[in-house]
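Coordinates in review
If you want the building blocks of each chain, they are given just below.
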Amino acid sequence: MSENIYLPRMATIQSMRPETIDVTTFRVTIDGSDGAGKFEYKSGQFAEVSLLGVGEAPIAISSSPTRPEAIEFSIRRVGELTTGLHELEPMDEIGIRGPFGNFFPLEEMEGQNLLIVGGGIGLSPLRSVIFNVLDNRGKYGKIDIIYGARSPQDLTFTSEYKEWQEVDNVRLHLTVDRGDEEWKGNVGLVPTFLKEINPSPENTTSITCGPPIMIKFVIEALRELGFSSEHIITTLERRMKCGVGKCGRCNIGSKHVCLDGPVFTLKQLEEIPSD
Amino acid sequence: MASQTKSRIIEKNKLTELLDKLAQDYHLIAPVQGNNVSFRRVESGSEVTLDYINTVLSSKGAFLPQTETLFRFFRDDSRGFRIETVNDADREQVVFGIRACDARSLRLMDMVFDGQYKDSCYLNRREKTTLIGLACFDHAETCFCPTFGIDPTSGEDVDILFSDIGDRYLVEASTEKGADLLNRFSEFFTELRGDEEQLREARKAGLEGMKKLDVSNIADKMAPLYGSDYWDSIGMKCLGCGICTYVCPTCHCFDIADVSVDEGGERFRCWDSCMFPEFTLMASGENPRADRKARVQQRFFDKLKYFHDRYGELACVGCGRCIRYCPVNIDITQIIEDVTSGKAGNE
């Protein structure tokens, strides 16, 4: 009979890099392989990550398939499972099921400019896109990354900003809700900052991820800036237990976020009820 | 094969003995009288009752158990785990006494558990199970299966149909699996006497007056009602107890969780309910369906629209259980009537 779809593959933690006080990037390799192994994913997909004995939760993949040496998950310590994961150490084993869900339409976006708008831990799936497009730099036009967090200490992936900005025609715009003595950058909410930067919608697709309230106002701002609903792409978070459309809790209207999402264009979202 | 699938009869006094034999050779699940009549595993025919219009719980637990171990795990010497799968879905099973509504519900659940990702736990049980239906010749006030094109006297969704025609049961196999089982126990079955069809027709009088609602285009009629105040009025009544979802034969939602002891544990799944706030609550504290209005709206939209959008069928079989067991009399037939008559939109 067919394989049990609830059985995780075991993976070993190679390193744990703290990003902020409560976010850590877990770098894992699938057991029996020297990296991502047969875990073939695309930017925007998620996995069900397990700590056996504690549970399982859907987590965005923050690494890019263009770098198959390992799979990375950037996880905020917020619930029981994520707290358990944060207490692990390198060489501990976790379970992984997936990859699940759809992905960002990076092939369709070739030849276009990209506007990436993230907030807080929402940068995690966008980081997969960032490395993916940087590794395929010739295929895309101008890349603008607008990213904000509550405070300078809550900015994730700070050690990578230099690498991103060194690439031609890539600009990173940072903002924080509340600055401190050392912060020299912008202070303000992401949607406001976005409007100030005033990116052109011409030949540009925007991808946004962050807290639901931020996404809502970013979408409003993008519309004001003239982006069409086909060119506003977001990725949604839901409680997804099975990841495969069976357990029945992640639906928005007749769409299952785990199967039909998590990536949606605004046009698609406008056609379904707004739970 | 043709001669093997023809109709037979079994004398009523031989039924217990047949069930004894089935219980010996198969994992037999049949209606049992306890505090109420429900499907249980039985070891002998004498445990089985046929005195019910319908069981309190449907037979869905024979395919999607209330709790089910998905796998076990053990900590190994290093820092890893060893995983062991569980294979109780491989035993041959017979479900006896299933009504046409519940049989149809399995066809609906198949659509969920099959597909791009195959749920082998459920599908193995379906494949290893022979369904023996029991035709209805009586109905409860809450029954409305004809609404969904179900004939309660038919064996459309079972392997074998038993029809009680007085002193004997008419026995008809409608699949190869059913015919095989009848052949295997052929000593219990005899030739028709000739009056069976006439007796069956006469018994159908008990089904007169059964509720049949018009659900044509109901999915389209639901669409504009999303967010309507109508759902506030339903949500105000709802206690959020979840009984509707537990007794519903088409509700299939489940949770997955771990139990752990020092050296290992297991991951299991268990029935869950969209009526509970935790169902959609995320660790961040966000809850897309935080109030009761949103939850009852979800339940009825899933039954009457979303499932239809995904799979082309409405997710209700008219068994009436949710009406009968709801402590505050929320009645899906009333909701269907309010939606189709336009009353739901005008509140």
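Residues numbered from 1 in each chain as written. Chains lettered and ligands numbered in written order. Predicted model: local features only at pLDDT ≥ 70, side-chain atom pairs only at ≥ 80, totals over all residues.

Section: the overall build of chain A
- When helices and strands are tallied, chain A shows 6 helices and 15 strands.
- Over its C-alpha trace chain A gives a radius of gyration of 18 Å, about what one expects of a compact globule, namely 19 Å for 275 residues.
- Along the first, second and third principal axes, the C-alpha set of chain A runs to 55 × 45 × 35 Å.
- The long-range fraction of contacts in chain A, counting pairs at least 24 apart against all pairs at least 6 apart in sequence, stands at 70%. (Helix = DSSP H or I, 4+ residues; strand = E, 2+ residues; numbered from the N terminus. Rg over C-alpha atoms; globule rule 2.2 N^0.38 Å. Contact = placed C-beta atoms within 7 Å.)

Quick notes on the pairing of strand 9 (residues 168-173) of chain B
Residue and element names in this part refer to chain B.
- Taking burial as the measure, the 6 residues of strand 9 include 5 buried ones, the bulk of the element.
- Two strands pair when backbone bridges link them, and strand 1 (residues 8-11) and strand 9 are joined in this way by 4 bridges, in the antiparallel orientation. Bridging across to strand 9, Glu 11 finds its partner in Arg 168.
- Pairing of strand 8 (residues 160-164) with strand 9, which is carried by 5 bridges, proceeds in the antiparallel orientation. Residue pairing for strand 9: Ser 163 is matched across the bridge by Leu 170.
- Counting the residues in the hairpin turn of strand 8 and strand 9 gives 3 residues, including Gly 166, whose phi is positive at 110°. (Buried ≥ 20, exposed ≤ 12 C-beta atoms within 10 Å, placed from the backbone. Pairing = 2+ DSSP bridges.)

Here's the deal with the pairing of strand 2 (residues 23-30) of chain A
Residue and element names in this part refer to chain A.
- Relative to strand 2, strand 1 (residues 9-18) runs antiparallel, the two being bridged by 7 bridges. Across the sheet, residue Met 16 finds its bridge partner in strand 2, namely Phe 26.
- Hairpin geometry of strand 1 and strand 2 is characterised by an intervening segment of 4 residues between the two adjacent antiparallel strands.
- Here strand 2 pairs with strand 5 (residues 71-76) via 6 bridges, running antiparallel. The residue bridging Arg 27 from the neighbouring strand is Glu 72, located in strand 5.

Overview of the nonpolar core
- In this structure, A:Ile116, A:Val218, B:Leu28 and B:Ile160 are the most contacted members of the largest nonpolar core, which totals 158 residues.
- Per-element accounting of this core gives the leading share, 8 residues, to helix 2 (residues 100-113) of chain B. (Core = buried A, V, L, I, M, F, W, Y, C linked by C-beta atoms within 7 Å.)

Some thoughts on the domain arrangement of chain B
- In terms of domain boundaries, chain B breaks down into domain 1 (2-55 + 87-207) and domain 2 (218-346).
- Taken together, the contact between domain 1 of chain B and domain 2 of chain B spans 17 residues of the former and 15 residues of the latter. (Domains from an automatic or database assignment.)

Some remarks on the interface of chain B and chain A
- Tallying the contact residues gives 41 residues for chain B and 36 residues for chain A.
- Elements with a contribution of two residues or more to the side of chain B that touches chain A: strand 4 (67-75), strand 5 (81-85), helix 2, helix 3 (120-127), strand 10 (254-261) and helix 9 (292-311) of chain B.

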